[in-house]
Amino acid sequence: MKRSATRRNFLRAGVGGVLGGASLVGGVSRAVAADTVTLSGTVVAKSGAKVQNDEINTHWEDVYRNVRTDGDGYFEMEVPKNRNYTLSYYKADSRSDLEAAKNGAPHIYEFEGTFVGEEDKDIGELVLPEADIVDLRVLKPDGEPLMGAKPDYRYSGWGANPGRLSLNTDGYTVIDGASFTGLELADFGTAEVEPPAGDEYEDRTYKHQFSVDGPTEVVATVDSDGVEWSVGEADETTPKGTTTTTDETASDATSETTNRGTTPESTADSPTTREDPATATTQRGAQRGNRTNATRTTTAVESERGFFSNGPGKSDLEMLNDPFVLTVGGFVLSAAGIVHQLVRGY
Amino acid sequence: MARGAPALWSTLLGLPFVVVGGWLYVGQTTYPSVIGLPFAFFGAFVVGIGAYVHVVSPTEPRLSDGEELVEKRHPTQRVARVKIVVGLPLLVATIYLLFFTTVPYVYPTATFVVGLYAFSSGLYTYWTNSLTTYYVTTRRIIKEYRFLSLVRREIPREKIRGVQERKSAIEALVGLGNVLVASGGGRSLEIRMRNMERSESFADSIRNLVSES
């Protein structure tokens, strides 16, 4: 008797606890939902390319969100208040986040971060710089293409869709369905190569950072011991192998045009391919949710250097994460100090 | 013309910066080429100042009738050499950590700050020592320094009130010393001679000069 009363009280407490917890979670969720504002802006390309139906990603901490631009390059998204946001851009079409189009706008780009406070925020015009083609070629030591290797590109941690990239007969990277080789990037980028699976090559992803000052060709020569990188100016007059061209290559920029003020294809909290440098093992492709079939497992560590530690976290000393600032600052101070002392006298 | 060969040594010290800057500008593609410019400009600065120091130096003081030059000294370059030797490996380490590794920037920053301070301080010491000359004549003590303008300080023999020698423990170990000549007229009429080799004999020659008066 006494034992059953105890059990009954325990069950009542359990049910009460579950209901109370559910109410609390519901209340918090509503409060969070009400705690959002609208972040909007308009993306334009310096090259004059039409920024339509392209993808805008943002993330804060471990949450990612993406929307598409309308016919005027306008986008808007609901985001929590009082946070810093990083916005990235993907040249996309209605079916993919990697459009097989060459128009002078970068395929991947990251804009400067922005803080969103208590009010809706229109960050105005975001300008995409002029981009150049970056060819990524993967070869064996004998100069033959390393078929089966998986190439990829990144810009400031934001990755291309590896499921849309492959090597052609000359070892050049091609977007599926594109009539040209490579991707368009601006300023800099990171090339990645994962050798074919098997015992011959190491099971890892090789990475190499490069700057983009014009048409660029990055060549990865892979053997069983590792990879040798070379970066040079791309020769756009040389034939670059056979590329697969299908009807799907045509840019469908005119399809699915959306009206200004709407946020088409908003996929809240949808993850993107921005790698978490702190994660030693990353399942790329799976991060893309249902928009890619790639499920490769790599052992890559993204080299996003920080001031006190490497990682994605933003630091107050972020301005020092630039070797140019460091060296200019140091040398200018040093030279000025020497001149001051020399002039002042001994 | 300054003593030694400051143009040659400054060129040898500045050229590596120019070479590294040139390589960063045209020889690598990992970083924006503009990062080579501060290295190249600093190297050019070192070469340029060295050349200037080489051609600019104080002229010999004009001696009056009956006045004779007893001793002429320069500060030794040993301190400058030590500073430069300490600074250079740290700057090489900075290049390695910055461009050939992906360690957090705090490490190359630390080696850069310490290395550049030691290297710059060594260069400054080298150049100022090259431009500084101490004279003892039968009538006065003279210290001359010229970079852009000439600074010549002198104490007449009859106004010398004291000669002080100073050596820190490290200076004593490496055989250097400082000699302070005071006139009794306040700090404005003091001459401090730093980083001198065989400072005892130099101080003795001044004391002899005073005792003869």
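Residues numbered from 1 in each chain as written. Chains lettered and ligands numbered in written order. Predicted model: local features only at pLDDT ≥ 70, side-chain atom pairs only at ≥ 80, totals over all residues. Heavy atoms only, no water.

Q: So what's going on with the overall build of chain B? Which residues, and what values?
A: Within chain B one finds six helices and seven strands. Sequence-distant contacts, at least 24 apart, represent 64% of the contacts inside chain B between residues at least 6 apart. (Helix = DSSP H or I, 4+ residues; strand = E, 2+ residues; numbered from the N terminus. Contact = heavy atoms within 4.5 Å.)

Q: Could you give me a rundown of the packing of helix 1 (residues 6-27) of chain B against helix 4 (residues 106-131) of chain B, with the residues and numbers involved?
A: Angle between the axes and distance between the axes are the two parameters that describe a pair of packed helices. All names here are of chain B. It is the contact of helix 1 with helix 4, at a shortest axis distance of 11 Å, that shows an interaxial angle of 165°. On the basis of their axis angle, the class for helix 1 and helix 4 is roughly antiparallel. Taken as a pair, helix 1 and helix 4 cross one another with a handedness that is left-handed. For the pair formed by helix 1 and helix 4, the contact residues are P6, W9, S10, L13 and F17 on the first element and F119, L123, Y126, W127 and S130 on the second. Looking at the contact of helix 1 with helix 4 residue by residue, the class counts come to eight nonpolar, two polar and no charged. (Axes fitted to C-alpha atoms, helices over the stretch in contact; angles between N-to-C directions. Parallel < 35°, antiparallel > 145°, perpendicular 65-115°, else oblique. Left-handed = near helix turned anticlockwise from the far one by under 90°. Nonpolar A, V, L, I, M, F, W, Y, C, P; charged D, E, K, R; others polar.)

Q: Can you tell me about the nonpolar core, naming the residues and giving the values?
A: Within soluble globular proteins, side chains that are nonpolar tend to cluster in buried spots. One finds V43 and L128 of chain A to be the most contacted residues of the largest nonpolar core, which totals 54 residues. In this structure, this core is formed jointly by two domains, domain 2 (35-130 + 251-278) and domain 3 (132-249) of chain A, each of which donates at least three residues. Ignoring any residue separated from it by four or fewer positions in sequence, one finds V43 of chain A in contact with V51, I56, D72, G73, F75, Y89, F111, L126 and L128 of chain A. Membership of the second largest hydrophobic core comes to 33 residues, among which are L342 of chain A together with F17, Y105 and L131 of chain B. (Core = buried A, V, L, I, M, F, W, Y, C linked by side-chain atoms within 4.5 Å. Buried < 20%, exposed > 50% of the residue type's maximum accessible area, 1.4 Å probe, protein only. Domains from an automatic or database assignment.)

Q: I'd like to hear about the confidence of the model for chain A, residue by residue, with values.
A: All names here are of chain A. Of the residues in chain A, 65% reach a pLDDT of 70 or more, and the chain-wide mean stands at 72. Across residues 25-33, confidence stays below pLDDT 50; counting only partners more than four residues off in sequence or on other chains, it has zero contacts. A low-confidence stretch, residues 244-303 (pLDDT under 50), is modelled with 153 contacts involving residues beyond four sequence positions or located in other chains. (pLDDT = per-residue confidence, 0-100.)

Q: I'd love a proper account of the pattern of salt bridges, names of residues and values included.
A: All names here are of chain A. The final tally for this structure, using the stated rule, is 13 salt bridges over all chains. Across the salt bridge formed by K207 and E192, the nearest N and O atoms sit 3.3 Å from each other. One end of the pair, K207, is in strand 16 (residues 206-212); the other, E192, is in strand 15 (residues 187-194), with 15 residues separating them in the sequence. Taken together, the shared-partner salt bridges in this structure form one network comprising R154, E192 and K207. (Salt bridge = Lys/Arg side-chain N within 4 Å of Asp/Glu carboxyl O.)

Q: Explain the sheet that holds strand 5 (residues 162-166) of chain B to me, using residue names and the numbers behind them.
A: Residue and element names in this part refer to chain B. A sheet is described by the order of its strands in space; here three strands give the open sequence 5-6-7, paired in antiparallel fashion. Strand pairing shows two members of the sheet lacking a second neighbour, strand 5 and strand 7 (190-197), which therefore form its edges. Each adjacent strand pair in this sheet contributes to an overall mean axis angle of 20°, direction not counted. One ladder, built from six bridges, connects strand 6 (residues 176-182) with strand 7; its direction is antiparallel. Paired with L176 across the two strands is E197, which belongs to strand 7. (Pairing = 2+ DSSP bridges.)

Q: Quick one: what's the story with helix 4 of chain B, residue by residue and with numbers?
A: Across its 26 residues, helix 4 of chain B extends 37 Å between first and last C-alpha, which sits within 8% of the 38 Å expected from 1.5 Å per residue. With 20 of 26 residues buried, helix 4 of chain B is to be regarded as a mostly interior element. (Expected span 1.5 Å × (residues − 1).)

Q: I'd like to hear about the packing of aromatic side chains, residue by residue, with values.
A: A full pass over the atoms with the stated rule returns 15 aromatic pairs over all chains. Here the aromatic rings of F331 of chain A and F39 of chain B are separated by 5.1 Å at their centres, their planes lie at 75°, and the arrangement is edge-to-face. Placement of F331 of chain A in helix 2 (residues 323-344) and of F39 of chain B in helix 2 (residues 36-55) is noted, with the two residues assigned to different chains. Like F331 of chain A, the residue F39 of chain B is buried in the burial classification. Between Y52 of chain B and F147 of chain B the ring centres are 5.1 Å apart and the planes differ by 75°, which places this aromatic pair in the edge-to-face class. Of the two residues, Y52 of chain B sits in helix 2 while F147 of chain B sits in the loop between strand 3 (140-146) and strand 4 (150-156), which places them 95 residues apart along the sequence. Counting every residue linked through ring pairs, the aromatic cluster contains F331 of chain A together with F17, F39, F42, F45, F112, F119 and W127 of chain B. (Phe/Tyr/Trp six-rings, centres within 6.5 Å; stacked < 30°, edge-to-face > 60°.)

Q: So, the confidence of the model for chain B: which residues are in play, and what are the values?
A: For chain B, per-residue confidence averages 85 on the pLDDT scale, and residues scoring 70 or more make up 93% of the total. Here helix 5 (residues 169-174) of chain B stands out as the element of chain B with the lowest mean pLDDT, 76, in contrast to helix 2 of chain B, whose mean of 91 is the highest.

Q: So what about the interface of chain B and chain A? Which residues, and what values?
A: Many structure descriptions define interface size as the accessible area lost when the parts assemble. The interface of chain B with chain A comprises 39 residues on the first partner and 31 residues on the second. The interface formed by chain B and chain A contains zero salt bridges. Sorting the residues of the side of chain B that touches chain A by element identifies helix 2, helix 3 (78-99), helix 4, strand 2 (132-137), strand 3 and strand 7 of chain B as the ones contributing at least two each. With ten residues, the top contributor of residues to the side of chain B that touches chain A is helix 4 of chain B. For the side of chain B that touches chain A, the per-class residue count stands at 26 nonpolar, eleven polar and two charged.

Q: Kindly report on the pairing of strand 1 (residues 36-45) of chain A, identifying the contributing residues and their values.
A: Working note: regular strand, side chains alternate between the two faces of the sheet. Residues and elements named next belong to chain A. Buried residues dominate strand 1, accounting for eight of its ten residues. Of the pairings in the sheet, the one linking strand 1 to strand 8 (residues 121-128) comprises six bridges and is parallel in character. Bridged to A45 within strand 8 is L128.

Q: Help me get a handle on a nonpolar patch on the surface, residues and values and all.
A: Residue and element names in this part refer to chain B. A surface patch of nonpolar side chains, amounting to about 490 Å² of accessible area, comprises Y25, V26, V34, L37 and F41. Broken down by secondary-structure element, the contributors of at least two residues to the nonpolar patch are helix 1 and helix 2. With respect to the helices, strands and loops of the structure, F41 is situated in helix 2. (Patch = residues over 30% accessible without salt bridge, like charges linked within 9 Å, V, L, I, M, F, W, Y side chains within 5 Å. Areas by Shrake-Rupley, 256 points an atom, 1.4 Å probe, with all protein chains shown as cover.)

Q: Which residues make up the pairing of strand 18 (residues 226-233) of chain A, and what are the values?
A: All names here are of chain A. Here strand 17 (residues 216-223) runs beside strand 18; their pairing, made up of eight bridges, is antiparallel. By the bridge assignment, V222 is partnered in strand 18 with V227. In this antiparallel pair of consecutive strands, strand 17 and strand 18, the connection spans two residues.

Q: Provide a residue-level description of the sheet that holds strand 3 of chain B, including the pertinent values.
A: The pairing of strands in a sheet comes from backbone hydrogen bonds and takes either a parallel or an antiparallel form. Residues and elements named next belong to chain B. Strand order in the open sheet formed by four strands is 1-2-3-4, with antiparallel pairing between adjacent strands. At either margin of the open sheet sits one strand with a lone partner, and together these are strand 1 (69-73) and strand 4. Strand-to-strand twist of the sheet, defined as the mean angle between neighbouring strand axes without regard to direction, takes the value 15°. In the sheet, strand 1 pairs with strand 2 via four bridges, with the strands oriented antiparallel. Bridge pairing in strand 2 places L69 opposite T137.

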